[in-house]
Amino acid sequence: MTRQTRTNRSNRGNGKPAATDKEKVAANNDQGSQVKEIELPASITVRELADLMERSPIDLIKELMNAGVMANINQQIDYDTAAIIAEDMGYTVVETTAEEPEIEEQEEIVTPVAAAKKQREYAPEELKYLKTRPPVVTILGHVDHGKTSLLDVIREASVQTTEAGGITQHIGAYQVDLEGDKITFVDTPGHEAFAAMRARGASVTDIAVLVVAADDGVQPQTREAIDHARAAQVPIIVALNKMDLPSANPDHVKQQLSDQGLVPEEWGGETIVVPVSAKQKMNIDALLENILLVAEIADLKANPRRPAEGTVVEGRMDRARGSTATLLVQEGTLETGAAISVGQTYGKVRAMFNYKNEPISEAGPSAPVVVIGLRGIPAAGDTFQVVDNERAARTIAEKRVQESQEQGPQTTPVMTLEEIYDQAQAGKLQTLNLVLKADVQGSIEPIKSSLEQIEVEGLSVHFVHEGVGNVGESDVNLAVASNAIIIAFNVGIDPAAERLAESEGVSIRRYNIIYRVIEDVEKALTGMLEPVYEDVLQGKAIVRQVFRISRVGVIAGAQMIEGKGLRNATGRIVRDGEEIHKGRISSLKRFTEDVREVNIGLECGIGVEGASDIQEDDIIEFYTREQVR
């Protein structure tokens, strides 16, 4: 609602709606109610405005509807709209001149322009060499919403080739040309790969295009993709796909996007939403033009004169060419014959090909190229740089290999709850990043709202992502990239995610009581967190035979099939995947002798305290209580 609308509304003469509004104010005054003065910022949510006026959000939403504004409780409304509604409800309005930090923070995440990545700093002597470079774009979104179809259409529309079947080789990245302006697309399978590259320290994307199906709307993976893009601090452009379908409901999807903080431009927000159809090839040019517009405002630049450096998009072994790598040049110009250090390998660029599989001699900033001549296969996310010669490149690679071996499998410094207070005291931490996974949506809101209210000595809590379901690999990668801790409330952890968390050192905290979550985080922020103990699986045995001995009870004749059995452990009897009994290991014998432990492959007699129902093929698991960080 604009100031002009406000003026028009005020000058409707003796029309019934205006009179009704005045009557409301007069009625309030007649009843002796004092007209309150409220201070409004440039933008405010419906909930915040209701709190400010000490009125019900429902009443406020009704007033907005009467004014022709459809808004939900979390939606932002501008000053003019808020002022009109507040005055109609009997308040005197004063505009705030100072900008509110909270609004700035949200715009930094939500809007394409404000979320554009900060450019690297250059030495003063380099500034004169800076040139505008093409934007690097990643397409994210929910499965089946048309990411691959959209990429294929963009590729077909932009890449001209005489070979049958188009491009002969998938290289993981390619460029499109729109009337002389280029855009680089990084073709990742989804936000999981996007997060995995970020977890390795790779920061290649300038803009994220979020594909949302107009008939299906915002889905759990859509919300994950939004959180991943926000964590990477890149602007988001929404491609509203499948607009050709009769079931398409763009307004409903825009409302869902607004609920996620992505308010479309036509609704008064700053998120660019482009309606497209990959199937009908509709509005593809408009999408590309908007990408170029955001890139132009972000003012992306690089120095093509410095020695080339960049990131590995993917590496593979080609039968004909040997070890190949798709590189994205981010600074400088890469030339054939250059010696390069790439991750833990190295080599000399013997040949170089562009995204059309054409041989080229050089590639500038934002160009994706396939290079041949490396001694090994680099990993996606590895960085590369041009050095003086192959000997220097080999020295760098050998040093990295040695450092990796010395550091062991955990190379990423990750924070645990126990370390938060120490880091905060040292001035290294102001915000605790959390990834929250819960069993139901109803659990997320109370946990989130309670934790966000905690603020101790300048420390605050920030949610990088929250969702329903088990902790997956994507969550762990996001935690690594954002230096976050994962809170698992009443949910399990996928085996692959558990292995990844262990190798990366990510802290996953399991809870089933909400106040325990709040209590632990608050204690961590105040430096009073007590040690945490968890059951650690030591070994498993399968029951081969069952013996019932008078005055002793049931003894399982079993064979160790994993790890080792311990006398001082807790035993869990599992049948068909379900735990049927848990108790202390009361006896552990090899033949007739009591033993402290039994190793894998050996047979033994096991007694579990209180167990009376043990059957053949049951699994007995040995657990010990250990303090974990």
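Our structure is the block above this text.
The following paragraphs examine the structure supplied in this document. (Residues numbered from 1 in each chain as written. Predicted model: local features only at pLDDT ≥ 70, side-chain atom pairs only at ≥ 80, totals over all residues. Heavy atoms only, no water.)

Before going further, it helps to examine the sheet that holds strand 6 (residues 136-141). Within the open sheet, the six strands sit side by side as 7-8-6-9-10-11. Their pairing is mixed. Two strands close off the open sheet at either side, each with one partner strand: strand 7 (173-178) and strand 11 (273-275). Ignoring strand direction, the axes of neighbouring strands in this sheet form an average angle of 30 degrees. The sheet contact formed by strand 9 (residues 207-213) and strand 10 (residues 236-241) spans six bridges and is parallel. From the neighbouring strand, valine 211 faces strand 10, where its bridge partner is alanine 239. Helix 9 (residues 220-231) contacts strand 6, strand 9 and strand 10 of the sheet and is inclined by roughly 170 degrees relative to strand 9. (Pairing = 2+ DSSP bridges. Helix = DSSP H or I, 4+ residues; strand = E, 2+ residues; numbered from the N terminus. Axes fitted to C-alpha atoms, helices over the stretch in contact; angles between N-to-C directions. Contact = heavy atoms within 4.5 Å.)

A few words now on a negative patch on the surface. Judged by side-chain charge, Asp177, Glu179, Asp181, Asp285, Glu289 and Glu296 come together as a negatively charged surface patch. It is helix 11 (residues 284-298) that contributes the most residues to the negative patch, three residues altogether. One can find aspartate 285 in helix 11. (Patch = residues over 30% accessible without salt bridge, like charges linked within 9 Å, V, L, I, M, F, W, Y side chains within 5 Å. Areas by Shrake-Rupley, 256 points an atom, 1.4 Å probe, with all protein chains shown as cover. Salt bridge = Lys/Arg side-chain N within 4 Å of Asp/Glu carboxyl O. Lys, Arg positive; Asp, Glu negative; His and termini not counted. Charge placed at Lys NZ, Arg CZ, Asp CG, Glu CD.)

Structurally, the position occupied by leucine 127 is in the loop between helix 6 (101-110) and strand 5 (131-132). The class of leucine 127 is partly exposed, set by a relative accessible area of 47%. Taking the C-alpha atoms as reference, leucine 127 lies 9.9 Å from lysine 301; in sequence the two are 174 residues apart. (Buried < 20%, exposed > 50% of the residue type's maximum accessible area, 1.4 Å probe, protein only.)

With a phi angle near 55 degrees, glutamate 54 is a residue other than glycine that sits in the positive phi range. Note that glutamate 54 resides in the loop between helix 3 (46-53) and helix 4 (57-66). The residue asparagine 283 is not glycine, and still its phi comes out positive at about 65 degrees. Within the fold, asparagine 283 resides in the loop between strand 11 and helix 11.

We now examine the sheet that holds strand 13 (residues 309-318). Pairing is antiparallel in the closed barrel, where six strands are placed in the order 13-14-19-17-16-20. Going from strand to strand, the sheet's axes swing by 45 degrees on average, the running direction of each strand aside. Note: strand 17 (residues 345-353) against strand 19 (residues 368-374), four bridges, orientation antiparallel. Residue pairing for strand 19: glycine 347 is matched across the bridge by leucine 374.

As a further point, take helix 16 (residues 495-504). Each full turn of the α-helix corresponds to 3.6 residues, which orients residues three or four apart in the same direction. Those residues of helix 16 that sit buried are Ala497, Leu500 and Ala501. Angular distribution of buried residues about the axis of helix 16 spans 100 degrees; they occupy a single face of the element. For helix 16, the exposed residues lying more than 90 degrees away from the buried face are Pro495, Arg499 and Glu502. Here the buried face of helix 16 lies against helix 15 (473-482) and strand 25 (508-511). Just downstream of helix 16, glycine 505 is the residue with a positive phi angle, here 75 degrees. (Arc of directions from axis to C-beta.)

Moving on to the packing of aromatic side chains. With the rule as written, the count across this model stands at one aromatic pair. Geometrically, the ring pair formed by tyrosine 174 and phenylalanine 185 is stacked, given 5.8 Å between the ring centres and 20 degrees between the ring planes. In this pair, tyrosine 174 is assigned in strand 7 and phenylalanine 185 in strand 8 (residues 181-186), connecting sequence segments 11 residues apart. Positioned above the aromatic ring of phenylalanine 353, the side-chain terminus of arginine 321 is 4.0 Å from the ring centre. Above the plane of the ring of tyrosine 623 lies arginine 572, whose end atom (NZ or CZ) is 4.1 Å from the centre. (Phe/Tyr/Trp six-rings, centres within 6.5 Å; stacked < 30°, edge-to-face > 60°. Lys NZ or Arg CZ within 6 Å of the ring centre and 35° of its normal.)

Here we come to the packing of helix 9 against helix 15. Closest axis-to-axis distance for the helix 9/helix 15 pair is 11 Å, and the angle between their directions is 15 degrees. Relative to helix 15, the element helix 9 lies roughly parallel. Both helix 9 and helix 15 take part in a crossing whose hand is left-handed. Across the interface between the two elements, Glu224, His228 and Ala231 of helix 9 pack against Ser474, Leu478 and Ser482 of helix 15. A class-by-class count of the residues in the contact of helix 9 with helix 15 yields two nonpolar, three polar and one charged. (Parallel < 35°, antiparallel > 145°, perpendicular 65-115°, else oblique. Left-handed = near helix turned anticlockwise from the far one by under 90°. Nonpolar A, V, L, I, M, F, W, Y, C, P; charged D, E, K, R; others polar.)

Structurally, the position occupied by aspartate 475 is in helix 15. Other than its neighbours up to four places away in sequence, aspartate 475 contacts Val435, Lys437, His465, Asn470 and Ile486.

Tracing the backbone through its elements, the reader meets methionine 352 in strand 17. Look at methionine 352 and you get buried, because its relative accessible area is 1%. Beyond its immediate sequence surroundings of up to four residues, methionine 352 is in contact with Leu334, Glu335, Thr336, Glu358, Pro359, Ile360, Ser361, Glu362, Ala363, Val369, Val370 and Val371.

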